[in-house]
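So the chains spell out like this:
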Amino acid sequence: MKTKAMKWLTSVPVAVALAVSLAACGTGTAQPSGTPTDALAGSDQQTLDKYTTKDVTALDKIDKSKLGLITDGTLRVGTLSDAPPNIFIDPSGKFTGYDNELLRAIGDKLELKVEFASTKFQALLSQVKNKQFDVGSSSISTTDARRETVAFTNGYDFGYMALVTKEDAKAQAFADLKSGLRVGVVSGSVQEDYVKNTLNLEPVSFPDYNTVFASLKSGQVDAWVSPSQQATGQVKPGDGTKIAEKKLNTQNFTAYAVAKDNPALLEALNSALDAVVADGTWAKQTSQWYTDRKTAAEQTPEGWKPGSKAVKLPAN
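Counting restarts for each chain, with residues numbered from 1 along the sequence as it is written. In keeping with the predicted nature of the model, local features appear solely for residues at pLDDT of at least 70, side-chain atom pairs appear and are counted solely at 80 or more, and the whole-chain, interface and lining totals rest on all residues. Side-chain metrics in this entry use all non-hydrogen atoms of the structure; hydrogen atoms and water are not considered.

A. Broad picture of the overall build of the chain. The helix and strand inventory of the chain stands at 11 helices and 12 strands. Residue contacts are counted whenever heavy atoms from the two residues lie within 4.5 Å of one another. Considering only intrachain contacts with a sequence separation of at least 6, the fraction spanning at least 24 residues in the chain is 77%. Each accessible area is a Shrake-Rupley result for a 1.4 Å probe, and residues are judged covered by the shown protein chains and nothing else. As displayed, the chain offers around 13,200 Å² of accessible surface, 52% of which is attributable to carbon and sulfur atoms. Working definition: helices are DSSP H or I runs of at least four residues, strands are E runs of at least two. Numbering for both runs from the N terminus.

B. Representation of the sheet that holds strand β4 (residues 95-96). Taking strand neighbours across the sheet as the criterion, the 3 strands line up as β2-β3-β4 in an open arrangement whose pairing is antiparallel. In this open sheet, the two strands that pair with only one neighbour each are β2 (82-83) and β4. Pairing between two strands is assigned when DSSP locates at least 2 bridges connecting them. With 2 bridges connecting them, β2 and strand β3 (residues 87-89) associate as antiparallel partners. Of the residues in β3, the one forming a bridge with Ala 83 is Ile 87.

C. Region of interest: the packing of aromatic side chains. Ring pairs are drawn from Phe, Tyr and Trp, using the six-membered ring of Trp, whenever the two centres fall within 6.5 Å, and their geometry is named by plane angle: stacked under 30 degrees, edge-to-face over 60, tilted for the rest. Counted under the stated rule, the structure contains 10 aromatic pairs. By way of ring pairs, the aromatic residues Tyr 98, Tyr 156, Tyr 256 and Tyr 290 are connected into one cluster. The ring centre of Tyr 51 lies 3.7 Å from the NZ or CZ of Arg 147, which sits over that ring. Should the NZ of a Lys or the CZ of an Arg lie within 6 Å of a ring centre and within 35 degrees of the ring normal, that charge is described as sitting over the ring.

D. Fine view of the side chain of Thr 79. The topology assignment puts Thr 79 in strand β1 (residues 74-79). Relative accessibility thresholds used throughout: buried, under 20% of the residue-type maximum; exposed, over 50%; partly exposed, between the two (1.4 Å probe, protein chains only). Assessed through its relative accessible area of 0%, Thr 79 is described here as buried. The definition of a polar contact used here is a pair of N or O atoms within 3.5 Å, where within protein one atom must be able to donate a hydrogen and the other to accept one, and adjacent residues in sequence count solely through side-chain atom pairs. For Thr 79, the side chain forms a polar contact with the side chain of Asn 100, separated by 3.3 Å. When near neighbours in sequence (up to four residues on either side) are disregarded, Thr 79 contacts Ile 87, Phe 95, Asn 100, Phe 116, Ala 117, Ser 118, Thr 119 and Ser 137.

E. Main features of the pattern of salt bridges. Only one rule defines a salt bridge in this text: a Lys or Arg side-chain nitrogen within 4 Å of an Asp or Glu carboxyl oxygen. Under the defined criterion, the tally for this structure stands at 10 salt bridges. Across the salt bridge formed by Arg 182 and Asp 222, the nearest N and O atoms sit 2.9 Å from each other. Taken as a pair, Arg 182 in the loop between β8 (157-166) and β9 (183-186) and Asp 222 in the loop between α7 (209-218) and β11 (223-227) lie far apart in primary sequence, 40 residues in all. Among the residues examined, Arg 182 registers a relative accessible area of 38% and is labelled partly exposed. One connected set of salt bridges, linked through shared partners, spans Arg 76, Lys 113 and Glu 115.

F. Expanded view of the nonpolar core. Each nonpolar core is a collection of buried residues, namely Ala, Val, Leu, Ile, Met, Phe, Trp, Tyr and Cys, held together in the definition by side-chain atoms within 4.5 Å. Core analysis: the biggest nonpolar cluster contains 48 residues, and Leu 75, Leu 102, Ile 106, Leu 110, Val 135, Leu 265 and Leu 269 have the highest contact counts within it. Per-element tally for this core: the top contributor is helix α9 (residues 263-278), with 8 residues. Once residues within four sequence positions are removed from consideration, Leu 265 is found in contact with Leu 67, Leu 69, Leu 75, Asp 134, Val 135 and Val 258. Counting 16 residues, the second-largest nonpolar core is a separate cluster that includes Ala 162, Val 164, Leu 216 and Trp 224.

G. View of the packing of helix α3 (residues 98-109) against α9. To obtain each axis, a line is fitted to C-alpha atoms, and for helices this fit is confined to the stretch in contact; angles are then taken between N-to-C directions over 0 to 180 degrees. With their axes 9 Å apart at the nearest point, α3 and α9 run at an angle of 105° to one another. One finds that α3 runs roughly perpendicular with respect to α9. Of α9, the residues touching α3 (which contributes Leu 102, Ala 105, Ile 106 and Lys 109) are Leu 269, Ala 272, Leu 273, Ala 275 and Val 276. Gly is placed with the polar residues, together with every amino acid not listed as nonpolar (Ala, Val, Leu, Ile, Met, Phe, Trp, Tyr, Cys and Pro) or charged (Asp, Glu, Lys and Arg). Residues belonging to the contact of α3 with α9 are distributed by class as follows: 8 nonpolar, no polar and 1 charged. Orientation is classified from the angle alone, with under 35 degrees giving roughly parallel, over 145 giving roughly antiparallel, 65 to 115 giving roughly perpendicular, and any other angle giving oblique.

H. The arrangement of the pairing of β11 in detail. Counting buried positions along β11 gives 5 out of 5 residues, so the element sits mostly inside the fold. Pairing geometry for β8 and β11, over 5 bridges, is antiparallel. The partner of Ala 162 across the bridge, within β11, is Ser 226. Examined bridge by bridge, β9 and β11 share 2 bridges and lie parallel to one another.

I. Up close: α9. The end-to-end C-alpha distance of α9, which contains 16 residues, comes to 23 Å, matching closely the 22 Å that a straight helix rising 1.5 Å per residue would cover. Listed as buried for α9 are Leu 265, Leu 266, Ala 268, Leu 269, Asn 270, Ser 271, Ala 272, Leu 273, Asp 274, Ala 275, Val 276 and Val 277. Here a helix's expected span is defined as the number of its residues, less one, multiplied by 1.5 Å.

J. Quick look at the side chain of Ser 271. Note that Ser 271 resides in helix α9. Relative accessible area serves as the criterion here: at 3%, Ser 271 is assigned to the buried category. Looking at Ser 271, its side chain comes within polar contact range of the main-chain oxygen of Thr 57, at 2.6 Å.

Below, the structure written as structure tokens:
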């Protein structure tokens, strides 16, 4: 297939990448426009079962000539640059992080080259829909509202949120978030929707994680409702902030986004995801990037597991 005319980045200077990516990822990629809905709608166990495939096609049965890629042999991936440990650019200019390294392993199973480009958080799903990217990699929560725009692979991570505050803050738990407190969120995220529709508060919205965290430290906001992974990546000992509480939701899994009219690519990614789960790559990556998930029990809480219903994690 002929390559679309757009600039693809395999490595860029960190300063440039951060400048062009005014966005955040994690469990909050933009919702379709319109009236906000409950951010976690479609996240219960029944929906998880509905959208997780029973099994997958064997890798050797995948026809790579029919994947509908922008460029044959290459996965063009839209991602972000400012949300460690999931998706960020390292000092050498490499796109890395848990989500992106796992996707590289998935690409290896399919013998596909994986190329990343920075994009804005709020635009990613539309860009996948319009095939500016083959895949969206951004720890995306797979809510029903988002399935109106794109299709999703089987899950590779579970979702949970964190409340980040200063050490001496009034709010020490989600239950403490009341009217009058300034609650920071990233614009267009699941966390923004959660604060608006579940807590019935009007949040203070920011374009990216770096900005909202800086605003918390400077006192412009009283609390930050964040994807837990990004909170862990931002909060450092001695910086005057802390993760006050986490809310676990194992049914709100995260996945890679694919255009709805490209079922062949979705099928291939699901097959390769099962393969990296079965051979231990998923567990190794999870342990590497999430230092608080070293054991199998920590990686698969409450019975949650990645991939299809049929795949089995290695015994060790």
